[in-house]
Amino acid sequence: MDLGVRWKLHGDGRTPAPGAVVRPDERLSWPRTAGLGAQHVVAMFGASFVAPVLMGLDPNLAIMMSGVSTMIFLLATRGRVPSYLGCSLSFVGVAAVIRAQGGSSATVTGAVFVVGAALFLVGLAVQKFGARIIHAAMPPIVTGAVVMLIGFNLAPVTAATYWPQDQWTALLVMLFTGLAVVCLRGFWSRIAIFLGLIFGYGISWVFDLVFGKINSMDASGKVTDHWRLDLSGVGDAAWIGLPDFHGPTFEWSAILVALPVVIALVAENAGHVKAVGEMTGDKLDDKLGTAISADGVGSMLSTALGGPPNTTYSENIGVMAATRVYSTAAYWAAAVFALLFGLCPKFGAVVAAIPGGVLGGITVILYGMIGLLGAQIWINAKVDLRNPLNLVPAAAGIIIGVGNVSMDFTDNFSLSGIALGTIVVITGYHVLRALAPEHLKTQEPLLDEGTSSYDSGADPDGPGESTGSRRTRP
């Protein structure tokens, strides 16, 4: 059985010829491959390490399981889809809502485990029936609205939790990160979040030296005098050791909050496979369902041990586009590096010491970018918001999600925010579509252009571009 773990040496193994690409089944020399793997780890570092911290989960376990999930993905796709799986930011808002309702880390991971299982089943369905079943249920107007409300639902977390801890550091980090994203080129722009973290550590250290302790909220929400950058835990942490494991617990209220994220993950995976296929020149239609299922399996395994869920990372697509090296050997090297980092508690202690003000500055950009990806889905699919069939359910669902509107059904069961907003968007659209006059239904096909080529008979050269391919081009 070909598991995609054998690679032909590309040329002399040193530098690809001008205009040449290193294909997924090829590799450079092992030292160069290891260097590319380390570069992939750095590329996903910013978002993948910030996410577990924001979710209140062990960053060491997160990085270790990202390596394991990547290995599972590469084996499942037989090495045809080069990809790194890191902690998904789409779940940050879910974790915040669950914890606000009194949920523990086990409750968070239990809810997300169910999402991973749902994603696995969606992948199986896509393998059997094609992507059309997904997009018939979730056309672009629905997908974009759900992604948007997931991102914008996070705004109160930044405003009430992180930014007040150190507003001036947050402002400077926000400005620096924004400049890095816009002004840097190539690989450096792909690691802008990571650079923002380093800048934030440095600014916090300088401010502590110059101004002393700050009187503000700490991580627990209490107003105290405290250091902005507290590295006391780093000295006490061991160099080698296992991360903290815990089992999941399952609560319906938390599961219903988390399930809408399946929509965002399916969109991410479809865009990723589409983008990789375009860059490598390989037709990867048959691997879309497998990629989605592998993503679900990786997330299920990670959350079963107490870690965060994982998904394909656009930052690493950017690295491939910049280097033109699509070798899956580099991703195996990255996975091994991540596994080793996860076994270093001292490394995790450094990540856990990220000052609150630094998170405030970074999350302003990150959360907004997540929300605006929903708008990008609309733009790419040419969704007409003048059509009330599109406008009404999206408008109602987004306001419910962003405003965290709640509906209480019993003393022990209610729906609010992300869960309620998603239900309103999906059911509202399909109910209105069933009742709407015919002229409102002809504005847009049910299948969005970015992934229509995954179905037999669709035109792969048609107009439009997937959200994944557009946002990951250098």
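Coordinates for the structure precede this section.
Residues numbered from 1 in each chain as written. Predicted model: local features only at pLDDT ≥ 70, side-chain atom pairs only at ≥ 80, totals over all residues. Heavy atoms only, no water.

Visitor: Can you tell me about the packing of helix 19 (residues 388-403) against helix 20 (residues 417-435), naming the residues and giving the values?
Guide: The geometry of helix 19 relative to helix 20 is characterised by a closest axis approach of 7 Å and an angle of 170 degrees between their N-to-C directions. Judged by the angle between their axes, helix 19 and helix 20 are roughly antiparallel. For helix 19 against helix 20, the interelement crossing comes out right-handed. In this structure, helix 19 uses Leu389, Asn390, Val392, Pro393, Ala394, Ala396, Gly397, Ile400 and Gly401 to contact helix 20, whose residues at the interface are Gly417, Ile418, Leu420, Gly421, Val424, Val425, Gly428, Tyr429, Leu432 and Arg433. Among the residues forming the contact of helix 19 with helix 20, the class breakdown is 12 nonpolar, six polar and one charged. (Axes fitted to C-alpha atoms, helices over the stretch in contact; angles between N-to-C directions. Helix = DSSP H or I, 4+ residues; strand = E, 2+ residues; numbered from the N terminus. Parallel < 35°, antiparallel > 145°, perpendicular 65-115°, else oblique. Left-handed = near helix turned anticlockwise from the far one by under 90°. Contact = heavy atoms within 4.5 Å. Nonpolar A, V, L, I, M, F, W, Y, C, P; charged D, E, K, R; others polar.)

Visitor: Now, about the pattern of salt bridges: what can you tell me, with residues and values included?
Guide: In this structure the tally under the stated criterion is four salt bridges. The partner of Asp166 in a salt bridge is Arg228, and the shortest N-O contact between them spans 3.1 Å. A residue pair is termed long-range when its members are at least 10 positions apart, and Asp166 in the loop between helix 7 (155-162) and helix 8 (167-183) and Arg228 in the loop between strand 5 (223-226) and helix 11 (232-236) qualify at 62 residues. Across this residue pair, the class does not change: Asp166 and Arg228 are buried. The partner of Asp384 in a salt bridge is Arg386, and the shortest N-O contact between them spans 2.9 Å. With a relative accessible area of 18%, Asp384 lands in the buried category. Because the salt bridges share partners, they merge into one network encompassing Asp166, Asp208 and Arg228. (Salt bridge = Lys/Arg side-chain N within 4 Å of Asp/Glu carboxyl O. Buried < 20%, exposed > 50% of the residue type's maximum accessible area, 1.4 Å probe, protein only.)

Visitor: So what about the packing of aromatic side chains? Which residues, and what values?
Guide: The final tally for this structure, using the stated rule, is four aromatic pairs. Measuring from centroid to centroid gives 5.9 Å for Trp7 and Trp30, while their planes differ by 85 degrees, and the two rings are edge-to-face. With Trp7 in the segment before strand 1 (8-9) and Trp30 in helix 1 (residues 30-55), the pair connects residues that are 23 residues apart, well separated along the chain. Owing to a relative accessible area of 45%, Trp30 belongs among the partly exposed residues under this scheme. Centroid distance Phe176 to Phe199: 4.3 Å. Interplanar angle 5 degrees. Geometry classified as stacked. Taken together, the residues span a long stretch of sequence, with Phe176 in helix 8 and Phe199 in helix 10 (residues 192-211) at a distance of 23 residues. On the basis of relative accessible area, Phe199 is assigned to the partly exposed category, the value being 24%. The positively charged end of Lys346 is found above the aromatic ring belonging to Trp239, 5.1 Å away from the centroid. (Phe/Tyr/Trp six-rings, centres within 6.5 Å; stacked < 30°, edge-to-face > 60°. Lys NZ or Arg CZ within 6 Å of the ring centre and 35° of its normal.)

Visitor: Break down unusual backbone geometry for me, citing the residues and quoting the values.
Guide: A positive phi angle, close to 55 degrees, is found at Arg78, a residue other than glycine. One can find Arg78 in the loop between helix 2 (59-76) and strand 3 (85-87). Classification of Arg78 as partly exposed rests on a relative accessible area of 32%. Notably, Lys382 is not glycine yet its phi reads approximately 55 degrees, a positive angle. Along the chain, the position of Lys382 falls in the loop between helix 18 (356-380) and helix 19.

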